[in-house]
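# Residue-level structure breakdown
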Amino acid sequence: MCGIIGYIGKRQAAPIIFDGLKRLEYRGYDSAGMAIFDGSNGVQIKKDIGLVDDINKRLNFLSMQGNIGIGHTRWATHGGVTQTNAHPHISNNKKILVIHNGIVENYQELLTMLKENGFTFYSETDTEIIPNLIEFEMRKGKDFEHAAIDAIKQFDGYCAVLAMFEGERKIVAARNGSPLVVGVGNGENFIASDIPAFLEHTKNVIYIHDSDFVVLDSNRVKFFNLEDGKEVGRPLHSIDWDIEQAKKGNFDHFMMKEISEQVQTVKSAANQDKEILFEIADEMKKAKGVFLVACGSSYHACLTASYLFSKITKLHINVVLGSEFSNYENFLTPGTLVIAVSQSGETIDVLDAVKTARQKGSKVMSLVNVVGSSLHRNSDRALMLNAGPEICVLSTKTYTAQLTVLALLAYTIAGKYDEGKKNLEYLWNIIYNLTAANTRKYLMKLAEELKDKNHIFTIGRGLQFPTSLEAALKIKEVSYIHAEGFSGGELKHGTIALIEQGTPCIVFSSKENEKEIISNAMEIKARGGYIIGIDSKKNKDVFDFFIKVPDVGDLNPIIQIIPIQILSYQLAVLRGCDPDKPRNLAKSVTVK
Ligand code: F6R
């Protein structure tokens, strides 16, 4: 959470930082700010609450002159959403500027110490501690770099920090648990929470490791170990993401663009590194217990996989939320295999689960979208989702990519890799039709009908139960209509009390469990519910609105969710919500 970016080079920093901030806005968007240094005239700071573009209209970020700069887009953790609490934060001597992603856990203790030493504070943030701690260390006679190292070593908690000092042409940075990556240019360097922030300028990146301290000037990037201060080498990687993937193109929003991209991304996800796929399949067969661990939509993909593994391979797996994983540590042994599933590879609950597994000697493998992310680097083996950058806060194309890879894994374990690939290839045309303009037009009629509803329920059975959970999550997080997903059999155990005349209920049906799910739909309809059926054929007696999706058996979850992704998007647009940046959310959840 929070997006951070720094630039040092020959060009004007403000436009580069400004564009970078817009690309990082999915990480947090309650306030934003920039600090630019021109080498002679002191540091200029502009910051305010709101979206980057709106703040720019008020404060004109782009008028700031200088070729060293840092910028921040905030997802508040410590202190309310106010102009004062927005980053960058400045030291008492007005020379040290800091932006920060994370939490200073020993904030209170450091605050007291600094106050006792005469420092004053203007904000409610924990971040303001950092520039003052650096100033405190510099007062002892240390230079900026060493003072920054000694200051950063004093605070606890996951973080990524960037700092600059008015007197010097350099940016220093440190990372502990929160994402940070360097972009290496020609006579210029970049540093940011995520690659799309500087992808327009360079594809050469260096991943920063935990406990790294980094010093950037225009021509060099040096890495040191925070603990012993020794210089360390970090390899340069060239990434194959394209800047066009990180732009909206002809679409109004990233969400719709990314939903449409699924024609391609399901294909790329199915195109796996065969050696790693077979190796992980083998490890799963050998393991004494397999855990899938994930959060949010990724968790729903894992839940779906638990049904797929049971059906296709008869392999039992445990599916656990990242935040609940420590409760299962007594079942972890060196023979256990933990597979972490995450788009970002930076979700802290998932990374903590991986840490727990490591402490117990268990093997850790992963399915991840972001190359070089913490999870990718901390896994014994990783399968990439190959979905390209996902900019919308909601997961859409990476959810279906996860389902695709998990299904392929299930087929591979069952010795049916070729059959799995063929079945997945069959989906491409279907996804093309499901995302086509005429389907979207048809779904818009439904969105118009539902846009003023207070509740929407979703039900499915077996493989489609997790689909119903994911459908409800998509609807509520982007349109703010209350939505809840259930196993078809569960609604009547309580929640059916909420069904009134016209209450919408989306029913995921398939040949496999048609009889049971249709009788659940009938129970709801009998109490006045409005039934939206997703099925391969229209059940005239039950469905008030019919969404036709071909029945592809075990792979139904990959395609049945797509109309609901589109519907959720349309509901958001009709209700005046920003589909790419739903309120209170951020894409990478790097705090607990
Ligand atoms: C929902 C959504 C979130 C993420 C969750 C895990 O649309 O995007 O629920 O799925 O925060 O994120 P990753 O997959 O990055 O670990």
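Whatever comes next refers back to the structure up there.
Residues numbered from 1 in each chain as written. Predicted model: local features only at pLDDT ≥ 70, side-chain atom pairs only at ≥ 80, totals over all residues. Heavy atoms only, no water.

### A short note on the side chain of S344
Using the following cut-off: Strands are runs of DSSP state E lasting at least 2 residues, helices are runs of H or I lasting at least 4, and numbering of each runs from the N terminus. Here's how the labels work: a residue is buried when its accessible area is under 20% of the maximum for its type, exposed when over 50%, partly exposed in between, all with a 1.4 Å probe on protein chains only. Throughout this description, a polar contact denotes any pair of N or O atoms lying within 3.5 Å of each other; where both atoms belong to protein, one of them has to be capable of donating a hydrogen while the other can accept it, and for residues adjacent in sequence the pair is counted only when both atoms sit in side chains. Two residues form a contact once any of their heavy atoms are found within 4.5 Å.
By the secondary structure assignment, S344 is in the loop between β18 (337-342) and α10 (348-359). Taking the relative accessible area as the measure of exposure, S344 reaches 7% and is therefore buried. Within polar-contact distance, the side chain of S344 engages the backbone nitrogen of E346 at 3.1 Å. Polar contacts involving the side chain of S344 include one to the side chain of T347, which spans 3.4 Å. Beyond its immediate chain neighbours, meaning those up to four positions away, S344 contacts V368, V370, S373 and S588.

### Section: the sheet that holds strand β14 (residues 231-232)
Note the threshold: Strand pairing is assigned whenever DSSP identifies at least 2 bridges connecting the two strands. In this analysis an axis means a line fitted to C-alpha atoms, helices contributing only their contacting stretch, and an angle means the value between N-to-C directions, from 0 to 180 degrees.
Taken together, 7 strands build an open sheet; the order of strands is β5-β6-β7-β8-β12-β13-β14 and the sheet is antiparallel. The sheet terminates laterally at β5 (89-90) and β14, the two strands that pair on one side only. Bridging between strand β8 (residues 171-176) and strand β12 (residues 212-216) involves 5 bridges; their strand directions are antiparallel. Its bridge partner being in β12, A174 is matched across the sheet by F213. Each of β5, β6 (96-102) and β7 (159-165) is contacted by helix α4 (residues 129-139), which is oriented at about 130° to β6, the strand it contacts most. The strands touched by helix α5 (residues 144-152) are β6, β7, β8, β12 and β13 (221-225); relative to β12, the strand with the most contacts, the crossing angle is about 155°.

### Thoughts on the site of the ligand
Note the cut-off: Residues are counted as near a molecule or strand when any one of their heavy atoms sits within 4 Å of it. Exposure was quantified through the Shrake-Rupley algorithm and a 1.4 Å probe, taking into account, for residues, occlusion by the shown protein chains and nothing else. Put simply, the grid is 1 Å and covers the protein atoms alone, a cavity is a trapped set of points that fit a 1.4 Å probe, a pocket is an open set with protein on both sides within 12 Å along at least five of seven lines, and lining residues have an atom within 4 Å of a point. To be counted as sitting in a cavity or pocket, a molecule needs more than half of its atoms within 2 Å of that site's grid points. The classification used treats Ala, Val, Leu, Ile, Met, Phe, Trp, Tyr, Cys and Pro as nonpolar, Asp, Glu, Lys and Arg as charged, and all other residues, Gly among them, as polar.
The local shell around the ligand holds 14 residues, among which S298, S342, S344, T347 and E477 are the closest. The contact in question runs from an oxygen atom of the ligand to an N or O atom on the side chain of S298, over 2.6 Å. One of the backbone nitrogen or oxygen atoms of S395 is found 3.0 Å away from an oxygen atom of the ligand. Notes on the ligand: free accessible area 410 Å², of which the protein chains cover 90%. In a pocket analysis with a 2 Å cut-off to the grid points, the ligand is assigned to the largest pocket. Per element, the largest residue contribution to the shell around the ligand is 3 residues, and it comes from helix α9 (residues 296-313). A per-class count over the shell around the ligand returns 4 nonpolar, 8 polar and 2 charged.

Treat this as a map of the structure, not an account of what it does.
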